[in-house]
Amino acid sequence: MQKAATNSVKVMIDDAIAKKLDLKQISSTVETTFCIADLGCSVGPNTFTAMQNIIDVVQQKYESQDLATHMPEFQVFFNDHSSNDFNTLFTSLPPERPYFATGVPGSFYGWLFPESCLHFVHSSYALQWLSKVPEELLNKNSLAWNKGRVHYTSAPDEVVDAYTAQFAKDLTTFLDTRAKELVVGGLMVLIMSGVPNRIPRSSGPVEMMFDFLGLSLMDMAKEGLISEAQVDSFNLPLYFASPKESRR
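Rules behind the numbers
Residues numbered from 1 in each chain as written. Predicted model: local features only at pLDDT ≥ 70, side-chain atom pairs only at ≥ 80, totals over all residues. Heavy atoms only, no water. Core = buried A, V, L, I, M, F, W, Y, C linked by side-chain atoms within 4.5 Å. Buried < 20%, exposed > 50% of the residue type's maximum accessible area, 1.4 Å probe, protein only. Helix = DSSP H or I, 4+ residues; strand = E, 2+ residues; numbered from the N terminus. Contact = heavy atoms within 4.5 Å. Expected span 1.5 Å × (residues − 1). Axes fitted to C-alpha atoms, helices over the stretch in contact; angles between N-to-C directions. Left-handed = near helix turned anticlockwise from the far one by under 90°. Nonpolar A, V, L, I, M, F, W, Y, C, P; charged D, E, K, R; others polar. Patch = residues over 30% accessible without salt bridge, like charges linked within 9 Å, V, L, I, M, F, W, Y side chains within 5 Å. Areas by Shrake-Rupley, 256 points an atom, 1.4 Å probe, with all protein chains shown as cover. Salt bridge = Lys/Arg side-chain N within 4 Å of Asp/Glu carboxyl O.

Novice: Lay out the nonpolar core in plain terms, naming residues and giving numbers.
Specialist: Grouped together as the largest cluster of nonpolar side chains are 31 residues, with contacts concentrated most on Ile-17, Phe-34, Ile-36, Phe-78 and Phe-120. Where this core is concerned, the elements lending two or more residues are α2 (10–20), α3 (23–27), β1 (33–39), α4 (46–64), β2 (73–80), α5 (86–91) and β5 (182–191). Ranked by residue count, the leading element in this core is α4, at eight residues. Contact partners of Ile-17, with chain neighbours within four places excluded, come to Ile-54, Val-57, Val-58, Lys-61, Phe-120 and Leu-187. Formed by 23 residues, the second largest nonpolar core is a distinct cluster that contains Leu-137, Ala-162, Phe-167 and Ala-241.

Novice: Before we move on, could you go through α4 and cite the residues and values that matter?
Specialist: With 19 residues, α4 extends 27 Å from end C-alpha to end C-alpha; this agrees with the ideal 27 Å at 1.5 Å per step. For α4, every residue scored as buried is listed here: Asn-46, Thr-47, Phe-48, Ala-50, Met-51, Asn-53, Ile-54, Ile-55, Val-57, Val-58, Lys-61 and Tyr-62. At the exit of α4 stands Asp-66, carrying a positive phi of roughly 55 degrees.

Novice: Which residues make up the packing of α2 against α4, and what values go with them?
Specialist: Their axes nearest at 10 Å, the elements α2 and α4 cross at an angle of 35 degrees. For the element pair α2 and α4, the recorded crossing hand is right-handed. In this structure, α2 uses Lys-10, Ile-13, Asp-14, Ile-17, Ala-18, Lys-19 and Lys-20 to contact α4, whose residues at the interface are Asn-53, Ile-54, Val-57, Val-58 and Lys-61. In terms of residue class, the contact of α2 with α4 is made up of six nonpolar, one polar and five charged.

Novice: Any chance you could break down a nonpolar patch on the surface for me, citing the residues and the numbers?
Specialist: A cluster of nonpolar residues, Met-208, Phe-212 and Leu-215, forms a patch on the protein surface that exposes about 310 Å² of accessible area. Looking at the secondary structure, you find Phe-212 in helix α7 (residues 205–222).

Novice: Quick rundown of the environment of Thr-49? Include the residues and the values.
Specialist: Tracing the backbone shows Thr-49 in helix α4. Residue classification places Thr-49 among the partly exposed positions, given a relative accessible area of 35%. C-alpha of Thr-49 to C-alpha of Met-12: the two residues are 37 residues apart in sequence and 15 Å apart in space.

Novice: Outline unusual backbone geometry, listing residues and values.
Specialist: For the bond running from Gly-44 to Pro-45, omega is 5 degrees, close enough to zero to count as cis. Tracing the chain through its elements places Pro-45 in the loop between β1 and α4. A positive phi angle, near 55 degrees, is found at Asp-66, a position not held by glycine. Position of Asp-66 among the secondary structure elements: in the loop between α4 and β2. The backbone of Ser-116 shows a phi angle near 55 degrees, a positive value even though the residue is not glycine. With respect to the helices, strands and loops of the structure, Ser-116 is situated in the loop between β3 (100–105) and β4 (118–124). Given the relative accessible area of 46%, Ser-116 is considered partly exposed.

Novice: Any chance you could break down the pattern of salt bridges for me, citing the residues and the numbers?
Specialist: Enumeration over the complete set of coordinates arrives at six salt bridges. Residue Glu-228 is joined to Lys-147 by a salt bridge in which the shortest nitrogen-to-oxygen separation is 3.3 Å. Of this pair, Glu-228 sits in helix α8 (residues 228–232) while Lys-147 is found in the loop between β4 and α6 (157–181), placing the two residues 81 residues apart along the sequence. The class for Glu-228 is partly exposed, based on a relative accessible area of 37%. Since its relative accessible area comes to 38%, Lys-147 is described here as partly exposed. The residue Asp-232 makes a salt bridge to Lys-147 at a minimum N-O spacing of 3.3 Å. Here the residue Asp-232 occupies a position in helix α8, and Lys-147 occupies one in the loop between β4 and α6, the gap between them amounting to 85 residues. Residue classification places Asp-232 among the buried positions, given a relative accessible area of 8%.

Structure, rendered in structure tokens:
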């Protein structure tokens, strides 16, 4: 799915680089290195394809603007949680690559890079993961206690509101931090899982799958294979925002 998304938005990314990336502004500050970060990179190979595509288009833009003599070297920062299998990532790196590679472990909901360090930020199919499960979902005294479910699908409004609030907080933190890390004239491309505006949250195939997962776990609890308390304590930290929510 992620590879299909990368391929389908390539034209859009190419167009954004052509129209939005300010090379003249960047060239006045970049001495030798153009820095790119892929946030939520996992272990490849999709991240390698995306990084190569971006570098190819940036190089083409340098050449088209008669800046080939100012062509920088490229540094790619591969970021994911510290539990990510960076060993697999680095052993899978393309041997003939036009960039230097660095691993950056840590949550992208916090500081990762020095101020005004990055020229291009890319993230694909990562921002649907929340920084944490909303705390209200685990509080038996809260209206948002998500008993017998593992997601907000088919849950009361209070559960949905708790997820929505956590997503809004996380996205604000992400954007505020990236705004400090990006240089003036830089560019950020975010590919996110989402739902169309005004579509019921329980009608999507992914949401229905989470519904079935919750029901299956409750069936296991009734059979004594697991406890209901274990089901009640398990909630997926996933939120699929609409375009309207992402623009707020």
